[in-house]
Amino acid sequence: MLGLRRDIQQSAAFTPRAYLEGLKLPANFTLPPLSAVYEDAVRLPELRKSGPPTIRTVFVRNGAATTLNPTGALHEPLAWNTTLPDLFKFAYFARTEDVPVELMDPVIWALGMFIRALLEGTESQLRAMGHILPHQKAEDALYFMTANARFKLIEHLLSPFIDRPDDAIPHLKVALEQDNARRGEVNDKTDPYQSNPMLYVLYTDALVFSNQFDKHTRDELNKVLHAVQTTKLRKSADFSFIILKARSHLALVLQQMGSDEQEQKEHVEYCAKFLRKNPKLVPERSLLQLLFRRDQPIHPVLELLGGLSWLKGVITREGLTARMEERQTKACRYCGGREPQVTLFRCSGCKHIYYCSKECQKTNWKVHKEACKEAAAAKATDWIKFRESPIPANNTLLAHALGLYRDPSRGHTHIVFREVEYRPKASKDFRFRFHAKRAGVFKIEDVMMEIERMMGLNPGEGPKYVREILEDLDATNPRLEKAPILNISFGDGIQTWLGSAAISVYSLRMTPHNPRWRESMNLGEPPEPLLLKSGAQDVEHVF
């Protein structure tokens, strides 16, 4: 398949994921095969020349044909929906970040036509086609579907692969009107910029990318920035990029307006400092879209960074150094706060993990104290540094292994077992001194006896032990929707460790699944499958 994003090309087993905001899809829900979606997309150009075929009777329900429009042909949007069902279903249900590049234009067209179908079709037609289910109120179902379809359409139009901000703005204005109307209906008096920040973030992106450097754009950006900076989630990694975008947008808008020179300078310096320390935090295409647009003057942030020479150095740099990777994952061990939103300091005991405040350090002490006091011998020190370090082998790769990108709830029911081997001469970098020999994913209930034995618990103590760990993770930053990551790491002469971490659901949504996670776990050969003496089944691929 030509034109696929690089992250999709790297995985021959890539399978797009389904997602709808505000709805947990059934476990057995499946997207249509990509081959069928491509077939619809290939047919589309010729069909658009002649229009969809005349369609009256479409579905058979309960043994009887359903006539959608007895007096004539089905109107255009529903006719298209019926003619290209796999493309329409894929466009509506697929995560936006999982849509292959060459399918984006057909998907954008299908989403626009689907919104028309929802707005122009009658309730009886939409029920007959299965868009409104028997138990659903038509008004609620239509709001939910149009909101999801429109939001996905907007995300595609603003994608750096498509970059059509002018086309996105009319849809954004409708989405904002619908959101405000809905809030009025339920008497929701919370700040809309805080309760639905991503909608306003996309709106300000579109305004700036379409060169609307005016008071309205400035005011909207300030509202978004204020909302994000005052929310309790402001320290999370997910909001760091939003703050960066808002401030970089303001730097450009204020420059073009010729106003608030001191404020503009502060935004420029903030963004430049952030990007110098975190050059790989922003995906390459998003960075280009943000700082280097051919229809705009040179961005003041890019100018301060060194212009195109800096940008070229960032987008052509391969991999991450240990220092860069530490910066990218460096965060408060308890609340997840990151620089520059907070000031981090190292634990004075182990000199390895970070906190943003004495309060966070004190609250996390019951979890961290054992590891902190163990730092003695070289092997133990390396082991503590490795297992406490927020490197991919201890978080994102385990999230891939657990399948959290497909089902975040597995973090509460599944665990990774990892057998490691100490190889002190393998690398001067502590990240690669512990080699994962074998690894497997298991249901917690299937390996509870192993957990009790390996952690030195009495029979029957395991469920409470695991439950308390999960409760501690859930209680940390409770407003942030997140998925737990549990793993047991063990090996010859290595203290068994039950590691616990969490990853935000937003991060899961924004990251393509990597089924080849084993290949990134080690320097050299990947870990082999792990067989437990109990015979518990590895359920990595069982959903």
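Starting from 1, residues in each chain are numbered consecutively following that chain's sequence as written. Only residues with pLDDT of 70 or above have their local features reported here, since the model is predicted, and side-chain atom pairs are shown and tallied only from 80 upward, although totals for entire chains, interfaces and linings are computed over all residues. The side-chain figures draw on all heavy atoms in the structure; neither hydrogens nor water molecules are used.

A word on the overall build of the protein
Strands are runs of DSSP state E lasting at least 2 residues, helices are runs of H or I lasting at least 4, and numbering of each runs from the N terminus. Counting its regular elements, the protein contains 23 helices and 9 strands. For every residue, the accessible area (1.4 Å probe, protein chains only) is compared with the maximum for its type, and the residue is labelled buried under 20%, exposed over 50%, or partly exposed between those bounds. Within the span of the protein, comprising 543 residues, buried residues form 50% of the whole. Summarising the internal contacts of the protein: among those between residues at least 6 apart in sequence, 65% fall at separations of at least 24. Under the convention used here, a 1.4 Å probe and the Shrake-Rupley method define accessible areas, while residue burial counts only the protein chains that appear. Of the roughly 26,500 Å² of accessible surface on the protein, 52% is carried by carbon and sulfur atoms. Contacts are residue-level and defined by heavy atoms, with any inter-residue pair within 4.5 Å sufficient.

A look at the pairing of strand β6 (residues 434-443)
Counting buried positions along β6 yields 7 of 10 residues, so the element is predominantly enclosed. At least two bridges found by DSSP between two strands is the condition for calling them paired. Bridging between strand β5 (residues 414-422) and β6 involves 9 bridges; their strand directions are antiparallel. Within β6, the position partnered with R418 by the bridge is A439. Of the pairings in the sheet, the one linking β6 to strand β9 (residues 528-529) comprises 2 bridges and is parallel in character. Looking at β9, one finds that A439 is bridged to P529.

With respect to the packing of aromatic side chains
Note on aromatic pairs: each is described by the distance of the centres and the angle between the planes. Think of it this way: a Phe, Tyr or Trp ring, Trp meaning its six-membered ring, pairs with another when their centres are within 6.5 Å, and the plane angle makes it stacked under 30 degrees, edge-to-face over 60, tilted otherwise. By the definition in use, this model includes 13 aromatic pairs. On the numbers, 4.6 Å between centres and 45° between planes, the contact of F29 with F93 is tilted. Of this pair, F29 sits in the loop between α1 (6-9) and α2 (34-50) while F93 sits in helix α4 (residues 85-93), and the two are 64 residues apart along the sequence. The exposure class of F29 is partly exposed, given its relative accessible area of 23%. On the numbers, 5.9 Å between centres and 15° between planes, the contact of W383 with F386 is stacked. Of this pair, W383 and F386 both sit in helix α19 (residues 378-388), 3 residues apart, roughly one helical turn. Of the two residues, W383 and F386, neither departs from the other in class, the shared state being buried.

Topic: unusual backbone geometry
With a phi close to 55°, D163 is a non-glycine residue in the positive phi region. Along the polypeptide, D163 turns up in the loop between α7 (138-158) and α8 (165-185). You will see that N211, though not glycine, has its phi angle at about 65°, which is positive. The topology assignment puts N211 in the loop between α10 (197-209) and α11 (215-230).

What to know about the nonpolar core
Joining through side-chain atoms within 4.5 Å is the link that ties buried Ala, Val, Leu, Ile, Met, Phe, Trp, Tyr and Cys residues into a set, and such a set is a nonpolar core. Judged by nonpolar contacts, the single largest core of 88 residues is most densely connected at F90, L103, L172, L275, L291 and W310. Within the second largest apolar cluster, 26 residues are counted, among which are W383, L404, F434 and I503.

Considering the environment of Y506
Assignment of secondary structure puts Y506 in helix α23 (residues 505-510). Considered as a pair, Y506 and E481 are 25 residues apart in the sequence and their alpha carbons are 7.7 Å apart.

Quick look at the environment of D191
Checked against the element boundaries, D191 lands in the loop between α8 and α9 (192-195). On the basis of relative accessible area, D191 is assigned to the partly exposed category, the value being 33%. The spacing of D191 and A227 is 36 residues in sequence and 8.0 Å in space, taken between C-alpha atoms. Not counting residues up to four positions away in its chain, the partners in contact with D191 are R183 and A227.

Some thoughts on the pattern of salt bridges
If the charged atoms of two oppositely charged side chains come close together, the side chains can form a pair. Here, a salt bridge means any Lys or Arg side-chain nitrogen found within 4 Å of an Asp or Glu carboxyl oxygen. Scanning the entire structure with this criterion turns up 24 salt bridges. The salt bridge partner of D167 is R164, with a shortest N-O separation of 2.9 Å. Accessibility expressed as a relative area gives 31% for R164, which makes it partly exposed. Salt-bridge contacts for D382 lead to R433; the nearest nitrogen and oxygen are separated by 2.8 Å. In this pair, D382 sits in helix α19 while R433 sits in the loop between β5 and β6, placing the two residues 51 residues apart along the sequence. By the burial criterion, D382 is buried, and R433 matches it.

Some remarks on the sheet that holds strand β8 (residues 494-504)
Read from one edge to the other, the open sheet built from 5 strands follows the order β8-β7-β5-β6-β9, with strand pairing classed as mixed. Edge positions in the sheet fall to β8 and β9, since each of these pairs with one other strand and no more. Where β5 meets strand β7 (residues 482-491), 4 bridges bridge the pair, whose relative direction is parallel. Directly across from R418, in β7, lies its bridge partner S489. On top of the sheet, helix α22 (residues 462-475) reaches β7 and β8; it is set at about 135° to β7, its chief contact. Between N-to-C directions, angles span 0 to 180 degrees; the directions come from axes that are lines fitted to C-alpha atoms, helices contributing only their stretch in contact.

Observations regarding helix α5 (residues 104-120)
Because an α-helix packs 3.6 residues into every turn, residues spaced three or four apart end up facing the same way. For α5, with 17 residues, the first-to-last C-alpha span of 24 Å sits near the 24 Å given by 1.5 Å per residue. Burial analysis of α5 places 12 of its 17 residues in the buried class, the great majority of the element. Taken together, the buried positions of α5 are occupied by M104, P106, V107, I108, W109, A110, L111, M113, F114, I115, A117 and L118. Looking at the packing, one finds that the buried side of α5 touches α2, α3 (76-83), α4, α6 (123-128) and α7. Here, expected helix span is obtained from the residue count minus one, scaled by 1.5 Å.

Things to note about α4
Of the residues making up α4, those classed as buried are L87, F88, F90, A91, Y92 and F93. Looking at the buried side of α4, the elements it contacts are α2, α3, α5 and α7.

A word on the layout of surface pockets
Within this model, the second largest pocket holds a volume of roughly 640 Å³. Along the walls of the second largest pocket sit 25 residues, with Y92, F93, G130, H131 and M145 positioned nearest its centre. Counting only elements with at least two residues in the lining of the second largest pocket, the list comes to α3, α4 and α7. For the lining of the second largest pocket, the leading source of residues is α4, giving 5 residues. Tallied by class, the residues present in the lining of the second largest pocket amount to 16 nonpolar, 7 polar and 2 charged. Detection works on a 1 Å grid of protein atoms alone, calling trapped sets that fit a 1.4 Å probe cavities and calling open sets with protein on both sides within 12 Å along at least five of seven lines pockets, with lining residues defined by an atom within 4 Å of a point. Grid points are joined across faces, edges and corners, and a volume is the space filled by probe spheres set on the points. Under the convention adopted here, Pro, Cys and the residues Ala, Val, Leu, Ile, Met, Phe, Trp and Tyr are nonpolar, Asp, Glu, Lys and Arg are charged, and Gly plus all remaining residues are polar.

Focus: the confidence of the model for the protein
Here the protein averages 84 in pLDDT, while 86% of its residues score no lower than 70. The predictor attaches a confidence to each residue, called pLDDT, with possible values from 0 through 100. α4 holds the highest mean pLDDT among the elements of the protein, 96, whereas α1 holds the lowest, 38. The low-confidence segment residues 56-65, where pLDDT is below 50, has 24 contacts with residues more than four positions distant or belonging to other chains. Per-residue pLDDT stays below 50 along residues 317-322; that stretch engages in 10 contacts with residues further than four places along the chain or on separate chains.

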